[in-house]
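Residue-level listing of the chains:
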Amino acid sequence: MRKKSFEYQHYNHSIGLAIVHLVFVPKRRKPVLKGDIRNRLDQIWQELATEKNWNIRACEIAPDHVHLFIEFPPTIPIHLIVRFLKGRSSNFLRKEFPELLKLPSLWSKSYFFSTAGNVSATTIQKYIEDPHHH
């Protein structure tokens, strides 16, 4: 029997949202997420989260990787959130920044996720917001 997605996520019972820490990297871990691309990526993800009624609690964009700490309804599987964020951002960024077309794709197919579990949401958020990623 297949387990439901919310069983794998930290569930915030008070507001009914799952809270997950996601990490993505550009294809071949190329350091392309800087300057205007970095700023536009942040803007795109904020707009997409608003569109879906998700809450990005923290976002740190380094040149070669991204950390997101995101809240969303626990009925949505994590892989669909990742696919949506990566797919839409890649589409917009590659149209707006032709230099990104040099990569076979913007994002690596892989991603990392973790739930708050024994670590508090506040601890994860502080980690992501720490400037050590630059």
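Not measured: the values here are computed from a predicted model.

Digging into the environment of Gly-16
Along the chain, the position of Gly-16 falls in the loop between strand E1 (10-12) and strand E2 (17-24). Linking Gly-16 and Phe-72, residues 56 residues apart in sequence, is a C-alpha distance of 8.5 Å.

Observations concerning the packing of aromatic side chains
Applying the stated rule across the entire model yields five aromatic pairs. Between the aromatic rings of Phe-24 and Trp-45, the centroid separation amounts to 5.6 Å while the plane-to-plane angle is 75°, which identifies the pairing as edge-to-face. Placement of Phe-24 in strand E2 and of Trp-45 in helix H1 (residues 35-52) is noted, with a sequence separation of 21 residues between them. Arranged with centres 5.8 Å apart and planes meeting at 20°, the rings of Trp-45 and Trp-107 form a pair that is stacked. Residue Trp-45 is located in helix H1, and its partner Trp-107 is located in the loop between helix H2 (78-96) and strand E5 (112-115); the two are separated by 62 residues in the primary sequence. Look at Trp-45 and you get buried, because its relative accessible area is 0%. Look at Trp-107 and you get buried, because its relative accessible area is 6%. The structure contains a cluster of three or more aromatic residues connected by ring pairs, namely Phe-24, Trp-45 and Trp-107.

Things to note about the pairing of strand E4 (residues 65-72)
Burial analysis of E4 places eight of its eight residues in the buried class, which makes it a mostly covered element. Neither face of E4 is open: one carries His-65, His-67, Phe-69 and Glu-71, the other Val-66, Leu-68, Ile-70 and Phe-72, and all of them are buried. Alignment of E2 against E4, held across seven bridges, turns out to be antiparallel. The partner of Ile-19 across the bridge, within E4, is Glu-71. Of the pairings in the sheet, the one linking strand E3 (residues 55-62) to E4 comprises seven bridges and is antiparallel in character. Considered in E4, the bridge of Ala-62 is made with His-65.

Some thoughts on the nonpolar core
Counting residues in each nonpolar core, the largest one holds 30 residues, and the members touching the most others are Leu-22, Trp-45 and Leu-85. When residues of this core are traced back to their parent elements, those giving at least two are E2, H1, E3, E4 and H2. Excluding anything up to four places from it in sequence, Trp-45 contacts Phe-24, Ile-56, Cys-59, Val-66, Leu-68, Leu-85, Ser-89 and Trp-107.

Focus on H2
Look at H2: 27 Å from first C-alpha to last across 19 residues, which is about the 27 Å you get at 1.5 Å a residue. Those residues of H2 that fall on the buried side of the exposure criterion are Ile-78, Ile-81, Val-82, Phe-84, Leu-85, Lys-86, Ser-89, Ser-90, Leu-93 and Arg-94. At its buried positions, H2 is contacted by E2, H1, E4 and E5.

What counts and what doesn't
Residues numbered from 1 in each chain as written. Predicted model: local features only at pLDDT ≥ 70, side-chain atom pairs only at ≥ 80, totals over all residues. Heavy atoms only, no water. Helix = DSSP H or I, 4+ residues; strand = E, 2+ residues; numbered from the N terminus. Phe/Tyr/Trp six-rings, centres within 6.5 Å; stacked < 30°, edge-to-face > 60°. Buried < 20%, exposed > 50% of the residue type's maximum accessible area, 1.4 Å probe, protein only. Pairing = 2+ DSSP bridges. Core = buried A, V, L, I, M, F, W, Y, C linked by side-chain atoms within 4.5 Å. Contact = heavy atoms within 4.5 Å. Expected span 1.5 Å × (residues − 1).

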